[in-house]
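Fold and contact review
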Amino acid sequence: MSACGHEHRFTLQWHITDRCNCRCLHCYQSECATDEISLETGLQTITQFKELLSSLPNPTRGHINITGGEPLLHPSFFPLLAQLAEQRESFSFAVLTNGTLIDKRIAQELKRLRVGFVQVSLEGSEELHDGIRGAGTFRQTINALKLLKRAGIKTLVSFTASTANYQQFGEVWRAARRAGASR
């Protein structure tokens, strides 16, 4: 514990791929981006993060948010998560995704690996969300929230506020509640 009685926390936001199945209007990534880490580099990164945590003032708990592009498109996504799961004594981990690729099988695998939470994005009403992220993505994301809830996985909903959607905070909150989002 620190002098004020709290454990220190160090979070790594880990961008594992540029690839994405959406072309969101607000996205800062290139349409043709293809950069992603190899499994070997990923394993080295995990080792380096663990070494960093052990060198920091104790106790320092780590947390890794796996993101991208769309992290589920990375060919070594589940092997990387399996390695993170094996290091659970050093850090927790979560997945930040657009939610469109989550099906029952993926939700069950995330549960098996005991991911801390999954964060998905909602941008407003179905019409507005689909206008920003692509046709049909609102329903896919809501379905992902429901599947993750059924699997017992904590879920967070994020909202990228812009001049196009800032008046729809309430709509996003209601949709997230109906889908069973944790936060």
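Relevant structure appears above.
The text that follows walks through the structure, step by step, so that each part is easy to find. (Residues numbered from 1 in each chain as written. Predicted model: local features only at pLDDT ≥ 70, side-chain atom pairs only at ≥ 80, totals over all residues. Heavy atoms only, no water.)

1. Points about the overall build of the protein
Our working definition: Helix and strand definitions here come from DSSP, where helices need a minimum of 4 consecutive H or I residues and strands a minimum of 2 consecutive E residues; each element is numbered from the N-terminal end. Note on exposure labels: buried denotes an accessible area under 20% of the residue type's maximum, exposed denotes more than 50%, and partly exposed covers the range between, all computed with a 1.4 Å probe on protein chains only. In what follows, residue pairs with any heavy atoms lying within 4.5 Å of each other are defined as contacts.
Along the backbone of the protein there are 6 helices and 5 strands. Taken from N to C terminus, the helices and strands of the protein fall in the order β-α-β-α-β-α-β-α-α-β-α. Each of the 183 residues in the protein was classed as buried or not, and the buried ones make up 48%. Partitioning the intrachain contacts of the protein with sequence separation of at least 6 by distance along the chain shows that 72% fall at a separation of at least 24.

2. Some remarks on the nonpolar core
Inclusion rule: We call a set of buried residues a nonpolar core when its members are Ala, Val, Leu, Ile, Met, Phe, Trp, Tyr or Cys and they connect through side-chain atoms within 4.5 Å of each other.
Grouped together as the largest cluster of nonpolar side chains are 41 residues, with contacts concentrated most on Trp14, Phe77, Leu81, Leu84, Leu110 and Val118. Secondary structure elements with two or more residues in this core: helix H1 (39–55), strand S2 (60–67), helix H2 (77–86), strand S3 (91–96), helix H3 (104–112), strand S4 (118–121), helix H5 (137–150) and helix H6 (169–179). Apart from residues no more than four positions distant in its own chain, Leu84 is found in contact with Trp14, Ile46, Ile64, Ile66, Phe91 and Phe93.

3. A look at the packing of aromatic side chains
Working definition: an aromatic ring pair is given by the centre-to-centre distance plus the angle between the planes. Stated formally: Side-chain rings of Phe, Tyr and Trp, where Trp is taken by its six-membered ring, are said to pair if the distance between their centres is within 6.5 Å; with planes under 30 degrees apart they count as stacked, over 60 as edge-to-face, and otherwise as tilted.
Summed over the entire model, instances satisfying the criterion amount to 4 aromatic pairs. Residues Phe10 and Phe49 carry aromatic rings whose centres are separated by 5.9 Å and whose planes lie at 40° to one another, so their mutual orientation is tilted. Residue Phe10 is found in strand S1 (residues 8–15), and its partner Phe49 is found in helix H1; the two are separated by 39 residues along the sequence. By relative accessible area, Phe49 is classed as buried at 5%. Ring centres of Phe77 and Phe78 lie 4.9 Å apart, and the angle between their planes is 75°; on these two criteria the pair is classed as edge-to-face. There is no split in this pair, since Phe77 and Phe78 are both buried. Grouping aromatic residues by their ring pairs yields a cluster made of Phe10, Phe49 and Phe91.

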